[in-house]
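Listed below are the residues making up each chain.
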Amino acid sequence: DAGVTQSPTHLIKTRGQHVTLRCSPISGHKSVSWYQQVLGQGPQFIFQYYEKEERGRGNFPDRFSARQFPNYSSELNVNALLLGDSALYLCASSLETGTRRYGYTFGSGTRLTVV
Amino acid sequence: GQQLNQSPQSMFIQEGEDVSMNCTSSSIFNTWLWYKQDPGEGPVLLIALYKAGELTSNGRLTAQFGITRKDSFLNISASIPSDVGIYFCAGYTISSGSARQLTFGSGTQLTVLP
C-alpha cells in the first residue's frame, strides 16, 4: 500500500519566488493537513482540508495557500518566499470518519531551502 | 506558534537502559500522540492515547495520558541502537466542524550508546 507521497523531495528557491508543493494522501483518506517543521522544532500546523474544503488554518501569513482536488490530493503554495520559509514541509492524511480514533499518517516531506 | 513543553531536550543513554520523557501543556487535550522521526523522514506514530489516565504499550514503549489531560509521558525500556531518533509528543482536541490541529512538542533527541 502506498503511503502519503510528497513531491518534490527537495527544492531550492530564491527569495521572492513562488513554490508549489504536492501531496497525495493514502487511498481512501479524505483529509489532508500541512505542517511546517523548522530545523530543531516540532511541526507547526498550516492548513487542514477535508472533502476539498478548508477546515482550518494555523498562524501563517496569507502568502501561504492551499487547495484540495477531487481526488483528495493537495497543493501547498507559498508566494514571495522569505529566508525564514526554509523548512521541511510535511503532509499528513487521515480518514476523518467522525470518530477520533484514527491516525494521522505523515509523508516524508519536502525540504525547501530559500536562498 | 504554540508548542508543548517537552523534556528532556536530549538524552544520551547506554544500550539496555530505560528512557523516560514527558510533555506538558497549558491547554487540555482529549488525545495525546507520540511520534518518532528519523533524519529525512516524516514523523511515524508510535502510540495514541484517547482517555485520561490511559496507559498504553507498544512493544518496549509505554505511554500514559495524564489525569489532568495536560500532560503525557513516554517510557522506552531496554533501549537498542535503532531507538535513536527524535521523539515528539502531540496533542489535539476535537471541536465539531473545526480543524483537527496537532500541537507538537519541541522534541527529545535520543542517542543510544553501544
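Residues numbered from 1 in each chain as written. Chains lettered and ligands numbered in written order. Predicted model: local features only at pLDDT ≥ 70, side-chain atom pairs only at ≥ 80, totals over all residues. Heavy atoms only, no water.

### A word on the overall build of chain B
Argument step 1. Along its length, chain B carries zero helices and 11 strands.
Argument step 2. The helix and strand sequence of chain B, counted from the amino end, reads β-β-β-β-β-β-β-β-β-β-β.
Argument step 3. The buried share of chain B, taken over its 114 residues, is 45%.
Argument step 4. Long-range contacts, defined here as pairs at least 24 residues apart, represent 55% of the contacts in chain B between residues at least 6 apart.
Argument step 5. Put simply, chain B shows about 5200 Å² of open surface, and 51% of that area lies on carbon and sulfur atoms.
Argument step 6. Averaging the coordinates of the 6 positive side-chain charges in chain B and doing the same for the 8 negative ones gives two points 15 Å apart. (Helix = DSSP H or I, 4+ residues; strand = E, 2+ residues; numbered from the N terminus. Buried < 20%, exposed > 50% of the residue type's maximum accessible area, 1.4 Å probe, protein only. Contact = heavy atoms within 4.5 Å. Areas by Shrake-Rupley, 256 points an atom, 1.4 Å probe, with all protein chains shown as cover. Lys, Arg positive; Asp, Glu negative; His and termini not counted. Charge placed at Lys NZ, Arg CZ, Asp CG, Glu CD.)

### What to know about the environment of Leu 4 of chain B
Residues and elements named next belong to chain B.
Argument step 1. Mapped onto the secondary structure, Leu 4 falls in the segment before strand 1 (5-7).
Argument step 2. For the pair Leu 4 and Phe 104, spaced 100 residues apart in sequence, the C-alpha separation works out to 5.8 Å.
Argument step 3. Apart from residues no more than four positions distant in its own chain, Leu 4 is found in contact with Cys 23, Thr 24, Ser 25, Phe 29, Trp 32, Cys 89, Ala 90, Gly 91, Thr 103, Phe 104, Gly 105 and Ser 106.

### Overview of the nonpolar core
Argument step 1. Formed by 22 residues in total, the largest nonpolar core has its most connected members in Trp 34, Ile 46, Leu 76 and Tyr 89 of chain A.
Argument step 2. When residues of this core are traced back to their parent elements, those giving at least two are strand 3 (19-24), strand 4 (31-37), strand 5 (44-50), strand 7 (64-68), strand 8 (74-78), strand 9 (87-94) and strand 11 (110-114) of chain A.
Argument step 3. Counting residues in hydrophobic clusters, the runner-up holds 21 residues, among them Val 19, Cys 23, Phe 29 and Trp 34 of chain B. (Core = buried A, V, L, I, M, F, W, Y, C linked by side-chain atoms within 4.5 Å.)

### Focus on the sheet that holds strand 7 of chain A
All names here are of chain A.
Argument step 1. The antiparallel open sheet is built from four strands, whose spatial order is 1-3-8-7. Single-partner strands in this sheet number two, and they are strand 1 (5-7) and strand 7. Across the sheet, the axes of successive neighbouring strands diverge by a mean angle of 15°, strand direction being ignored.
Argument step 2. As paired strands, strand 7 and strand 8 are joined by five bridges and run antiparallel to one another. Considered in strand 8, the bridge of Phe 64 is made with Val 78. (Pairing = 2+ DSSP bridges. Axes fitted to C-alpha atoms, helices over the stretch in contact; angles between N-to-C directions.)

### Some details on unusual backbone geometry
Glycine aside, residues mostly have negative phi angles, and peptide bonds mostly take the trans form.
Argument step 1. Here the bond from Ser 7 of chain A into Pro 8 of chain A is cis, since omega is -10°, no more than 30 degrees from zero.
Argument step 2. Between Ser 7 of chain B and Pro 8 of chain B the backbone carries a cis peptide bond, its omega angle lying at -5°.
Argument step 3. Relative to the helices and strands, Pro 8 of chain B is located in the loop between strand 1 and strand 2 (10-14).
Argument step 4. Backbone geometry places Lys 52 of chain A, a non-glycine residue, at a positive phi of 75°.
Argument step 5. Tracing the sequence through the fold places Lys 52 of chain A in the loop between strand 5 and strand 6 (53-57).
Argument step 6. One non-glycine residue with positive phi stands out, namely Ala 78 of chain B, at about 50°.
Argument step 7. Mapped onto the secondary structure, Ala 78 of chain B falls in the loop between strand 8 (71-76) and strand 9 (85-92).

### What about the pattern of salt bridges?
Residue and element names in this part refer to chain A.
Argument step 1. Scanning all chains against the criterion turns up eight salt bridges over all chains.
Argument step 2. Put simply, Lys 52 and Glu 51 hold a salt bridge, and the shortest N to O gap is 3.6 Å.
Argument step 3. By relative accessible area, which is 36% here, Lys 52 ends up partly exposed.
Argument step 4. Of the charged contacts, one joins Arg 63 and Asp 85 as a salt bridge, the two residues approaching to 2.8 Å between their closest N and O atoms. In this pair, Arg 63 sits in the loop between strand 6 and strand 7 while Asp 85 sits in the loop between strand 8 and strand 9, placing the two residues 22 residues apart along the sequence. (Salt bridge = Lys/Arg side-chain N within 4 Å of Asp/Glu carboxyl O.)

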